[in-house]
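# Tertiary structure, described
Each chain, written out:
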Amino acid sequence: MIRKSWSGYVPVETTLDLLASSLRDVKRRIRQLFAQERTAANANLFLDGLLSNEQRKTGWVRSEAAGDPGPWRQQALLGRDRWDADALRDIVREYVVEHLRDDDAVLVIDETGFLKQGKASCGVARQYTGSAGKITNCQIGVFATYVSRHGHAFIDRALYLPKSWTDDPVRRKATYVPHDIGFATKPHLAARMIARAETAGVPFRWVAADSVYGVGDIECELRCSGKGYVLGVGSAHVFRSWGNKRRVAGTAAEIAKTLEPSDWQRLSAGQGTKGPRLHDWCYLELADHEAAEFNQANDGLWTRGFLLRRDIADGELAYFTTWCPAGTSIEKLVNVEGHRWSIEDSFETAKNEFGLDHNETRSWHGWHRHVSLVMLTFAMMAAIRHQANQSTPKKTKPAPRRNRTRSSAGRSRKSVE
């Protein structure tokens, strides 16, 4: 995750120095969360364990790495000890903004599953997760990732509680769910994350999400706050144009059938592991609005639109509702949608490298504490990579080699003359 840079490979010494100094920095930042030195020491050991080479980051493995005879101190950190996981979340958010700040950043919302065997872990139920590609026994976490030209890292998270949990006082009490936590849909959780980011002054210009989050209150709130978006919608979502725009009316799937070959453009949504992620794209402008219609504090002309993506191999279609400043190009909207790949990469890396899904606690606060510590570790490594890439000198063309024989001969001739 660190060694590769855009212009070559970062020296090992540079990477190790950055890792050591960054780890000291994040440990210093989180010290304020803990009233007791013992708890702070356990948190430091927890971070050390997440950075270990062990494939599993379970309590026993972390404890062995810390030299403990058992997992009790690690369990206490996630369970009995008193500290605020939301305060840690805020520290992570500030850290990410400090190191990856970009006014044109994209806030990407998505969810991931945490597979479970039993029924006692907070929020566990039989529900669909893309992690397994099916309905299975799992927890669902909704996440917000900050994606900029400098890198990407999580800045927020929330455990989704199905109604079978929020309506069951016995299960709530057993897993220490706070009294003020009620049922909230995934889009509602996402809207809260976006609002927290705006309140905290996080600089971002766009929001991207899949079809779970593409309709409802999120659209209205983003228009009011002056943020652009590319949000996935289902094939049955209805689009209509008005004003002097091209006439469009019907469901997303119906409109797609009316498009001509000339309506499509082959564009890249960004670099993937195998090169440019090419698809065919079509963008239809639906209507122009004055930003002041939604918030008197905003001004300028904005466009509501419909973006379609077609897979080159099998022709599968995906649909997006868009909101952007008038005149925004299709290339920009495709680029914003392509940023969603970053959160998928974040989930994969956080699970494989830092044990995001290795949490063994069953409580509400245990889940949020474990996940927040992993988020901090991930953010630190993203910042290190950005710093390492900045410190790598750019390649320069080698100076032309001189012909020493001719030069020497020339000097000899001059001296003779």
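Procedures and definitions
Residues numbered from 1 in each chain as written. Predicted model: local features only at pLDDT ≥ 70, side-chain atom pairs only at ≥ 80, totals over all residues. Heavy atoms only, no water. Helix = DSSP H or I, 4+ residues; strand = E, 2+ residues; numbered from the N terminus. Buried < 20%, exposed > 50% of the residue type's maximum accessible area, 1.4 Å probe, protein only. Contact = heavy atoms within 4.5 Å. Areas by Shrake-Rupley, 256 points an atom, 1.4 Å probe, with all protein chains shown as cover. Lys, Arg positive; Asp, Glu negative; His and termini not counted. Charge placed at Lys NZ, Arg CZ, Asp CG, Glu CD. Pairing = 2+ DSSP bridges. Right-handed = clockwise from strand over helix to strand, strands pointing away. Core = buried A, V, L, I, M, F, W, Y, C linked by side-chain atoms within 4.5 Å. Expected span 1.5 Å × (residues − 1). Polar contact = N/O pair within 3.5 Å; in protein donor to acceptor, adjacent residues only side chain to side chain. Salt bridge = Lys/Arg side-chain N within 4 Å of Asp/Glu carboxyl O.

### Description of the overall build of the protein chain
Along the backbone of the protein chain there are 14 helices and 14 strands. Overall, the C-alpha framework of the protein chain stretches about 105 × 70 × 45 Å when taken along its three principal axes. Burial status across the protein chain gives 52% buried among its 417 residues. Of all intrachain contacts in the protein chain linking residues separated by at least 6 positions in sequence, the fraction that spans at least 24 positions is 64%. Looking at the protein chain as shown, the accessible area adds up to about 21,500 Å², and 49% of this sits on carbon and sulfur atoms. In the protein chain, 60 positive and 49 negative side-chain charges are present, and the distance between their average locations comes to 6 Å.

### Brief notes about the pairing of strand S7 (residues 206-209)
Burial of the side chains of S7 extends over both faces: Trp206 and Ala208 are buried on one face and Val207 and Ala209 on the other. The pairing of strand S3 (residues 106-115) with S7 spans 4 bridges and is parallel. Paired with Val106 across the two strands is Trp206, which belongs to S7. In the sheet, S7 pairs with strand S8 (residues 228-233) via 4 bridges, with the strands oriented parallel. Note that in S8 the partner of Ala208 across the bridge is Val230. Remark: the S7/helix H9 (residues 217-225)/S8 crossover connection has right-handed handedness.

### Brief notes about the nonpolar core
Ranked by size, the top nonpolar core spans 99 residues in total, and within it Ile30, Ile109, Phe143, Phe204, Val207 and Leu373 carry the most contacts. In terms of residue count, helix H13 (residues 364-391) provides more of this core than any other element does, 15 residues in total. Not counting chain neighbours up to four residues away, the residues in contact with Phe204 comprise Asp103, Ala105, Leu107, Tyr146, Ile194, Ala197, Glu198 and Lys227. Grouped together as the second largest cluster of nonpolar side chains are 14 residues, Val233, Leu284, Leu286 and Leu308 included.

### Considering helix H5 (residues 85-100)
Taking 1.5 Å as the rise per residue, H5 with 16 residues should run 22 Å; its terminal C-alpha atoms sit 22 Å apart, in good agreement. Among the residues of H5, Ala85, Leu88, Arg89, Ile91, Val92, Arg93, Tyr95, Val96, Val97, His99 and Leu100 are the ones counted as buried. The backbone nitrogen of Asp86 has a side-chain oxygen 2.9 Å away, supplied by the residue at the start of H5, namely Asp84.

### Here we look at the side chain of Ser241
Its place among the elements puts Ser241 in the loop between strand S9 (238-240) and strand S10 (249-251). Look at Ser241 and you get buried, because its relative accessible area is 16%. Side-chain polar atoms of Ser241 contact the backbone oxygen of Arg246, separated by 2.8 Å. At 2.7 Å, the side chain of Ser241 and the backbone nitrogen of Val248 are in polar contact. Here Ser241 is in contact with Arg246, Arg247, Val248 and Leu286, once residues within four sequence places are set aside.

### Thoughts on the pattern of salt bridges
Within this structure, the stated rule accounts for 23 salt bridges. In this structure, Asp104 engages Lys332 in a salt bridge whose closest nitrogen and oxygen atoms are separated by 2.7 Å. Within this pair, whereas Asp104 is found in the loop between H5 and S3, its partner Lys332 is found in helix H11 (residues 330-338), the two being separated by 228 residues in sequence. With a relative accessible area of 28%, Asp104 lands in the partly exposed category. Under the relative-accessibility criterion, Lys332 is labelled partly exposed at 25%. Put simply, Arg340 and Glu337 hold a salt bridge, and the shortest N to O gap is 3.0 Å.

Shape descriptors only; they carry no functional weight alone.
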